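# Reading the structure
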Amino acid sequence: MSKVLLDIKNLHAEIEDEGKQILKGLNLTVRAGEIHAIMGPNGAGKSTLASVVAGKDGYEVTEGSIEMDGKDLLELDPDERAKEGLFLAFQYPVEIPGVSNINFLRTAINEIKEYRKEDPVSAKDFMSMVREKSKLVELDAKLASRSVNEGFSGGEKKRNEIFQMAMLEPKVSFLDETDSGLDIDALRIVAAGVNKLKNENNAVVLITHYQRLLDYIIPDFVHVLADGKIVKTGDKNLALELEEKGYDWLTEEKAL
Amino acid sequence: MAGYTEEELAEELKNQEYKFGFVSEIESDKIPVGLSEEVVRIISAKKNEPEWLLDYRLKAFKIWEEMTEPEWAHVHYEKPKFQDISYFSAPKKQYESWDDVDPEMKATMDKLGISMDEQKKLTGVAVDFVMDSVSVATSFKEKLGELGIIFCSFSEAVHDHPELVQKYLGTVVPSSDNFYAALNSAVFSDGSFCYIPKGVRCPMELSTYFRINEAGTGQFERTLLVADKGSYVSYLEGCTAPQRDENQLHAAVVELIALDDAEIKYSTVQNWFPGDKDGKGGIYNFVTKRGICQTNSKISWTQVETGSAVTWKYPSCILKGDNSIGEFYSVAVTNNHQQADTGTKMIHLGKNTKSTVISKGISAGVSQNSYRGLIHIGKNATNARNFTQCDSLLMSDRCGAHTFPYIECNNNSAKLEHEATTSKIGEDQIFYCQQRGLTEEKAIGLIVNGYVKEVLNKLPMEFAVEAQKLLAISLENSVG
Amino acid sequence: MMTTVLSEKMQSFLDGFPTPENSLQLAAYNRLIELDFPTTRDEYWKYTRVGKISNSKYTLPEKSIRDLSIEQYIVSDQFIVIENGLVRLDLSQFNSSEFNIDFKDAEGLSELADFNANLNNEDVFTQLNTAFFDEGIEITIDNKAVIEKKLQLIYVSNGDAVLANNRLFIHAGKSSKSSIVITQIGESGENCFNNLVTEVIVEDNAHFTIHKIQSDNDSNTQVATEQIAQGDNSTFKINTVTLNGLLVRNNINIAVNGQNCSTYMNGAVIGKNNQHVDNHTFVDHRVPNCYSNENYKYVLDGKSTGVFNGRVVVQKDAQVINAYQNNGNILLSDHASINSKPELEIYADDVKCSHGSTTGQLDEDALFYLQARGISKKNAKRILVSAFIGEVIESYEDETITELIQQLLEKEHGWTF
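Residues numbered from 1 in each chain as written. Chains lettered and ligands numbered in written order. Predicted model: local features only at pLDDT ≥ 70, side-chain atom pairs only at ≥ 80, totals over all residues. Heavy atoms only, no water.

### Quick word on the overall build of chain B
The condition is simple: Secondary structure elements are defined from DSSP: runs of H or I of at least 4 residues count as helices, runs of E of at least 2 residues count as strands, and each element is numbered from the N terminus. Note on classification: 1.4 Å probe, protein chains only; a residue is buried when its accessible area is under 20% of the maximum for its type, exposed when over 50%, partly exposed between these limits. For every accessible area listed, the method is Shrake-Rupley and the probe measures 1.4 Å; residues are considered covered only by the protein chains on display.
When you go through chain B residue by residue, the secondary structure sums to 12 helices and 24 strands. Considering chain B as a whole, with its 480 residues, one finds that 66% of them fall into the buried category. A total of about 16400 Å² of accessible surface is found on chain B, and carbon and sulfur atoms cover 48% of it.

### Comments concerning the sheet that holds strand E1 (residues 4-15) of chain A
All names here are of chain A. What counts, and what does not: A pair of strands counts as paired when DSSP detects no fewer than two bridges linking them. Here, residues are in contact when the closest pair of their heavy atoms is within 4.5 Å. Angles shown run from 0 to 180 degrees and are taken between the N-to-C directions of axes, each axis being a line fitted to C-alpha atoms and, for helices, limited to the stretch in contact.
Pairing within the open sheet is antiparallel, and its four strands lie in the order E2-E1-E4-E5. Both outer strands of the open sheet, strand E2 (20-31) and strand E5 (71-72), are each paired with one neighbouring strand and no more. Where strand E4 (residues 59-68) meets E5, two bridges bridge the pair, whose relative direction is antiparallel. The residue bridging Glu 67 from the neighbouring strand is Asp 72, located in E5. On the sheet, helix H1 (residues 46-54) packs against E1, E2 and E4 and is oriented at approximately 70 degrees with respect to E4.

### Examining the packing of helix H6 (residues 364-372) of chain C against helix H7 (residues 377-394) of chain C
Residues and elements named next belong to chain C. Note the threshold: We call two directions roughly parallel when the angle between them is under 35 degrees, roughly antiparallel when it is over 145, roughly perpendicular when it lies between 65 and 115, and oblique otherwise. We call a crossing left-handed when the near helix sits turned anticlockwise from the far one by less than a right angle, and right-handed when that turn is clockwise. Each residue receives one of three labels: charged for Asp, Glu, Lys and Arg, nonpolar for Ala, Val, Leu, Ile, Met, Phe, Trp, Tyr, Cys and Pro, and polar for the others, Gly being one of them.
At a minimum axis separation of 9 Å, H6 and H7 run at an interaxial angle of 130 degrees. Between H6 and H7, the crossing angle belongs to the class labelled oblique. Here H6 and H7 pass one another in a crossing that is right-handed. Of H7, the residues touching H6 (which contributes Ala 366, Leu 367, Leu 370 and Gln 371) are Lys 377, Ala 380, Lys 381, Ile 383 and Leu 384. By residue class, the composition of the contact of H6 with H7 is six nonpolar, one polar and two charged.

### A look at the sheet that holds strand E9 (residues 172-176) of chain A
All names here are of chain A. An order of E6-E9-E10-E3-E11-E12 is seen for the six strands of this open sheet, with the pairing classed as mixed. Where the open sheet ends on each side, the last strands, each with one partner, are strand E6 (86-89) and strand E12 (229-234). The average undirected angle you get between the axes of adjacent strands in this sheet is 20 degrees. Across four bridges, strand E3 (residues 35-39) lies against strand E11 (residues 221-226) in parallel orientation. Residue pairing in the sheet places Ile 38 in a bridge with His 223 of E11.

### Some remarks on the interface of chain B and chain C
Under the convention used in this document: Buried area is understood as the total, over both parts, of accessible area removed when two parts are fitted together, assessed with a 1.4 Å probe. We define a salt bridge as a side-chain nitrogen of Lys or Arg found within 4 Å of a carboxyl oxygen belonging to Asp or Glu.
Each side of the interface is counted separately: chain B has 34 residues, and chain C has 37 residues. Interface area for chain B against chain C, summed over the two sides, is near 2800 Å², with a carbon-plus-sulfur share of 45%. Ranking the residues of chain B by area buried against chain C places Tyr 406, Ile 407 and Asn 412 of chain B at the top, with a combined share of 21%. There are two salt bridges connecting chain B and chain C.

### With respect to the interface of chain B and chain A
Cut-off, in case you're wondering: We define a polar contact as two N or O atoms separated by no more than 3.5 Å, with the added condition that, inside protein, one atom must be a possible hydrogen donor and the other a possible acceptor, whereas residues neighbouring each other in sequence contribute only through side-chain atom pairs.
Chain B puts 21 residues into the contact, and the matching count from chain A is 33 residues. Taken together, chain B and chain A are joined by two salt bridges. Salt-bridge contacts for Glu 161 of chain A lead to Arg 436 of chain B; the nearest nitrogen and oxygen are separated by 2.5 Å. The tally of links from chain B across to chain A stands at 13 residue pairs in polar contact (both at pLDDT 80 or more). Listed by contribution, the elements that provide at least two residues to the side of chain B that touches chain A are helix H10 (427-435) and helix H11 (440-456) of chain B.

### Notes on the domain arrangement of chain C
Residues and elements named next belong to chain C. Which entries qualify depends on this criterion: Either an automatic procedure or a domain database provided the assignment from which the domain bounds are taken.
The domain architecture assigned to chain C consists of domain 1 (8-258) and domain 2 (362-417). Relative placement of domain 1 and domain 2: their C-alpha centres are 30 Å apart. Domain 1 puts 17 residues into the contact, and the matching count from domain 2 is 15 residues. Here domain 1 meets domain 2 over a buried area of about 1400 Å², counting both sides, of which 61% is carbon and sulfur. Its largest share of buried area at the contact with domain 2, domain 1 owes to Val 75, Ile 213 and Leu 243, together 35% of the area lost on that side. Inspection of the region where domain 1 meets domain 2 yields one salt bridge. For the pair domain 1 and domain 2, the number of links is eight residue pairs in polar contact (both at pLDDT 80 or more).

### Re the packing of aromatic side chains
Ring pairs (aromatic) are described by centroid distance and by the angle formed between their planes. We count it as follows: Put simply, two rings from Phe, Tyr or Trp (the six-membered ring, in Trp's case) pair if the centres are within 6.5 Å, and we call them stacked under 30 degrees between planes, edge-to-face over 60, tilted for the rest. Only when the NZ atom of a Lys or the CZ atom of an Arg is both within 6 Å of the ring centre and within 35 degrees of the ring normal do we say a charge sits over the ring.
The final tally for this structure, using the stated rule, is 36 aromatic pairs over all chains. A ring pair is formed by Tyr 180 of chain B and Phe 286 of chain B, whose centres lie 4.5 Å apart and whose planes are at 35 degrees; its orientation type is tilted. Of the two residues, Tyr 180 of chain B sits in helix H9 (residues 179-187) while Phe 286 of chain B sits in strand E13 (residues 282-293), which places them 106 residues apart along the sequence. The same class applies to Tyr 180 of chain B and to Phe 286 of chain B, which are both buried. Three or more aromatic residues joined by ring pairs form one cluster here, namely Phe 61, Trp 64, Trp 72, Tyr 77, Phe 82, Phe 179, Tyr 180, Tyr 284, Phe 286, Trp 312 and Tyr 314 of chain B. Over the ring of Phe 282 of chain C we find Arg 311 of chain C; its NZ or CZ atom is 4.5 Å from the centre of that ring.

### A look at the pattern of salt bridges
Enumeration according to the criterion identifies 48 salt bridges over all chains in this entry. Note that Glu 34 of chain C is salt-bridged to Arg 31 of chain C, the shortest N-O span being 2.5 Å. Placement of both Glu 34 of chain C and Arg 31 of chain C in helix H2 (residues 23-34) is noted, with a separation of three residues, approximately one turn of the helix. One connected set of salt bridges, linked through shared partners, spans Asp 79, Lys 83 and Glu 111 of chain A together with Lys 442 of chain B.

### Brief notes about the side chain of Thr 225 of chain C
All names here are of chain C. Along the chain, Thr 225 falls in strand E10 (residues 221-230). A distance of 3.4 Å separates the side chain of Thr 225 from the side chain of Asn 251, its partner in a polar contact. Not counting residues up to four positions away in its chain, the partners in contact with Thr 225 are Thr 126, Leu 196, Val 197, Thr 198, Asn 251 and Asn 253.

### Quick word on the nonpolar core
Just so we agree on the cut-off: To form a nonpolar core, buried Ala, Val, Leu, Ile, Met, Phe, Trp, Tyr and Cys residues must be joined to one another through side-chain atoms within 4.5 Å.
Counting 118 residues, the largest nonpolar core has Leu 6, Ile 8, Leu 49, Phe 104, Phe 174 and Leu 206 of chain A as the members making the most contacts within it. If you tally residues by element for this core, the top one is H11 of chain B, at nine residues. Once residues lying within four places of it in the same chain are set aside, the contact partners of Ile 8 of chain A are Leu 26, Asn 27, Leu 28, Leu 49, Val 53, Ser 65 and Ile 66 of chain A.

### What about the environment of Val 223 of chain C?
Residue and element names in this part refer to chain C. Tracing the sequence through the fold places Val 223 in strand E10. Taking C-alpha positions, Val 223 is 4.7 Å from Arg 249, a pair spaced 26 residues apart along the chain. With near-sequence residues (within four places) excluded, Val 223 lies in contact with Ile 53, Phe 125, Phe 193, Asn 194, Asn 195, Leu 196, Arg 249 and Asn 251.

### As for helix H8 (residues 236-245) of chain A
Working note: α-helix, 3.6 residues per turn, so residues spaced by three or four point in the same direction. Residue and element names in this part refer to chain A. Operational definition: Working definition: the arc comes from the directions between the helix axis and the C-beta atoms, pointing outward to the latter.
Those residues of H8 lying buried are Leu 238, Ala 239 and Leu 242. Along the axis of H8, the buried positions cluster into a sector of 105 degrees, meaning they face one direction only. Phi for Gly 246, located one or two positions after H8, is positive at around 80 degrees.

### Focus: a negative patch on the surface
Which entries qualify depends on this criterion: The residues that make up patches have over 30% relative accessible area and no salt bridge, and they are joined within 9 Å when like-charged or within 5 Å when they are Val, Leu, Ile, Met, Phe, Trp or Tyr. Asp and Glu count as negative and Lys and Arg as positive, but His and the ends of the chain are not part of the count. Lysine's charge is taken at NZ, arginine's at CZ, aspartate's at CG and glutamate's at CD.
Together, Glu 16, Asp 17, Glu 18, Asp 57 and Glu 60 of chain A make up a region of like negative charge exposed at the surface. Assignment of secondary structure puts Asp 17 of chain A in the loop between E1 and E2.

### Concerning the pairing of strand E15 (residues 310-313) of chain B
A regular strand carries its side chains on alternate faces of the sheet. Residue and element names in this part refer to chain B. Residues of E15 alternate between two faces, with Val 310 and Trp 312 on one and Thr 311 and Lys 313 on the opposite face, all of them buried. Across four bridges, the pairing between E13 and E15 is parallel. Note on E15: the bridge partner recorded for Val 287 is Lys 313. Strand direction decides the pairing type here: E15 and strand E18 (residues 339-342), joined by four bridges, are parallel. Residue pairing for E18: Val 310 is matched across the bridge by Gln 339.

Put into structure tokens, the structure is as follows:
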């Protein structure tokens with residue numbers, strides 16, 4: 001079996017101020033070369049999982065562990081997690097006025113390189129990388145020189161996320177509802193980008209409410225997240241079943 | 001969870017050292033403290049001034065005596081004791097040329113990063129250096145002279161071009177304008193004078209560096225800049241002062257005159273000593289800056305304000321001529337105990353006049369940062385236009401950010417837009433950057449730079465770099 | 001600063017008025033003689049001169065039994081008529097089953113907790129009101145009472161140069177929901193000065209709304225001060241439409257003392273002739289987690305002048321405040337003018353505050369578009385003005401009131417929307 005990239009064990013997390021428990025003992029093991037899909041009803045904790053893994057403020061992990069490539073992520077700041085190779089494609093990418101995409105990414109890449117004790121990328125190499133990777137998601141090169149996500153359409157923002165993923169070459173990527181708000185053409189482009197970026201050394205975790213995305217990015221595993229736990233795991237057919245039957249049968253089954 | 005907190009930022013900001021806080025050992029000629037008609041006469045005599053200028057000073061002194069210090073600004077400070085200040089301090093030696101300049105003085109300039117040798121060779125910026133009260137060196141004079149451009153110390157101008165000085169001095173900022181303008185008019189010691197002849201486009205940036213060095217002195221410089229018809233000039237002003245426990249007073253007056261079709265771009269990077277982290281010491285920066293625009297002319301003020309304990313400053317434009325344009329771009333950063341009440345006045349008098357105001361405030365520590373701006377549309381200012389955007393960014397929960405706009409419209413064809421926002425630095429933006437691998441410090445630096453970019457873009461290149469460095473000092477190194 | 005020298009202006013203004021006897025009014029009187037009328041040197045009176053008031057010689061009102069033509073202004077079957085500050089029970093109609101209504105003199109009101117407690121004692125006009133009001137109205141809404149019907153207060157000025165000091169004290173009980181309508185109109189006579197002070201305590205979880213319609217006579221002046229205190233989870237709303245009156249100054253001061261409050265202020269000013277309308281609002285966010293929203297629109301014709309001064313203060317530690325201000329102005333004539341001062345004073349950091357102020361004309365393109373569809377320029381302008389102030393009028397959420405506004409608009413300005 002291939003190497004474990006991400007190992008989440010018995011993860012309990014709550015919202016800091018409210019003390020409301022969202023994740024209640026979640027387990028997930030992601031190996032190199034795998035694609036996982038996490039599905040579930042609204043409010044099950046899907047986006048919380050992505051936020052907690054990425055280290056967003058406002059959540060407290062009360063129990064359990066998250067390890068990436070053998071390293072304890074919970075000890076690390078969000079940027080250190082990113083430097084370790086974790087990528088989160090945001091459900092709602094943030095706009096940063098006045099900061100160009102290019103400048104932003106170059107700073108990020110060089111920081112990551114420095115962390116990994118590698119040489120910084122030259123301006124020339126960087127620009128050719130931008131040109132090459134922006135083609136991957138058919139992102140207009142002009143967008144690269146605009147402010148981060150500012151004035152981008154919903155689809156452009158999502159493609160920009162995948163473009164950044166391509167630039168940063170992470171080990172594990174969480175795609176949080178990347179399909180939401182995309183028309184079918186944009187969805188195809190985003191999915192094709194993800195498929196091209198996927199290889200035997202990295203892994204992708206898709207967080208989605210609908211089966212639709214999984215027609216384009218075929219998962220190796222489909223997990224159902226309900227009430228803060230993974231209640232069922234299967235292959236891509238589980239997604240089809242969910243599409244047909246909804247989630248109720250699962251939660252009912254569990255109640256029995 | 002480990003993470004950067006605002007408390008940490010606040011802590012770091014507190015410990016920022018003021019890197020220009022050195023004192024130069026230069027012998028100076030300083031008159032005893034106190035202010036009286038006698039002192040005004042001494043200053044005038046020391047500078048060997050003509051009768052008309054002495055009269056001008058004495059008149060202003062009489063006006064000042066009748067006035068009281070203004071209270072309306074949103075700042076609180078112990079009023080300067082005007083009788084405890086020495087109103088004149090000059091480096092003792094007089095210099096004939098740059099080569100004669102005291103090595104210690106040269107070293108001072110080096111520390112300030114404005115080595116004239118270097119500037120002369122590399123950047124082609126003409127520099128006038130004003131230390132305490134006296135202009136000590138002006139570079140590039142000859143080259144400018146070929147174009148008929150006069151760029152010299154104010155004192156020189158009084159002797160060499162009295163007709164110009166007399167014609168324009170006090171025409172934009174009358175001595176009676178306000179308390180500090182009156183004070184300055186009575187006791188100003190030196191400053192810069194600049195005249196761009198008709199139709200001449202000044203080929204290089206003109207620059208003045210102001211520095212307060214002596215203890216117990218105030219600095220009262222006077223800048224007068226006249227752009228004759230159809231001319232263009234870009235003018236830069238930088239300010240620093242040594243680190244001292246006392247509050248030193250800086251009360252300058254800057255007058256700009258843009259005649260028909262002329263354009264003046266006036267940029268300031270102000271980094272007077274802001275006081276230490278407990279609010280001790282620092283400069284009181286009470287400055288009156290105003291320009292008047294004749295037909296089709298344009299005045300553009302750009303300022304980056306990071307220094308001073310208390311700032312009270314409103315670079316303004318009187319848009320007297322038809323089709324004239326006024327602009328104000330400002331970044332004001334306050335930290336620790338600093339207080340700033342700054343903004344602009346755009347007085348629209350002529351037809352088709354336009355003004356733009358972009359103000360970006362950043363408050364940290366326990367500082368108070370206020371924008372105060374007046375947009376006045378006169379009865380006859382047909383088709384006047386104004387756009388104002390003032391944003392405030394809050395970096396701590398103990399600081400204040402305030403917005404006091406005054407919009408007065410007396411003409412029904414005017415179109416005025418004012419927008420203001422106040423918010424905390426975006427936590428979601430910081431997190432987004434971190435998720436892409438940036439440290440919090442970098443993230444904040446990047447976000448702040450983006451936030452002020454619109455204004456920094458208006459600065460000439462060399463200055464923009466310096467301004468960015470200054471911002472970096474106060475914010476980017478702020479997280480450990 | 002305290003001044004011991006009695007201002008001549010104040011002395012002559014008060015000349016002939018009786019010295020009040022009860023302690024509350026005497027204290028206000030004594031305070032008053034230490035004060036002077038504000039001048040344009042005072043920051044919050046920068047654009048409004050009160051010479052018209054301070055130089056006048058007013059008489060205090062007397063009880064009357066005259067007939068008043070108020071029929072057309074009635075928008076509710078619950079109404080109280082107040083003529084020159086004195087209650088006209090003979091013309092009023094209400095039952096006290098829902099709103100508890102009491103008529104009290106100063107002595108009676110001063111026994112109430114919180115009465116007069118939140119007013120600014122540096123303010124000449126509130127002190128003047130306290131010193132000289134004769135009949136105050138106390139309105140109490142029981143805890144949990146939800147009252148559909150609106151109580152209308154019809155303030156009528158009548159006679160020549162009468163100084164009317166209207167005083168209202170409202171206590172909206174916990175979890176109650178109710179609203180009142182304040183109509184300020186002029187009957188006959190001229191140069192009256194209406195000086196209104198309204199205090200409102202909005203208790204925890206209560207919803208309280210004030211709808212104001214101001215349309216006094218051409219030569220009458222008025223100063224209205226509303227002092228509001230909001231408790232936890234409460235909602236307070238005030239709508240003000242000003243259609244006539246020579247000099248109108250509204251001071252709305254809202255102290256948001258409780259968390260999770262919502263505060264709304266809407267205003268529309270239609271000015272003509274030499275009218276001067278000045279709206280000063282002040283929202284004091286003292287505690288965290290609150291929301292306030294303000295929207296004032298001015299349409300000024302003739303030589304009229306408008307003043308908008310909206311002040312929002314977010315006090316230290318009052319985190320998570322969202323506060324918005326909007327002020328839009330249209331000058332219809334060459335001689336009209338507007339002064340706008342939206343102010344933000346923020347001492348906490350986790351806030352989202354913004355304000356916008358625009359001044360301009362009716363959109364030429366829209367005007368042309370309407371004309372091209374066959375609408376006369378005059379009507380096209382009215383349509384656009386209506387659209388401009390429409391969102392403020394809509395906030396009244398009551399057709400009867402909207403109709404009254406229409407009616408008054410027709411009467412005072414010769415058009416409706």
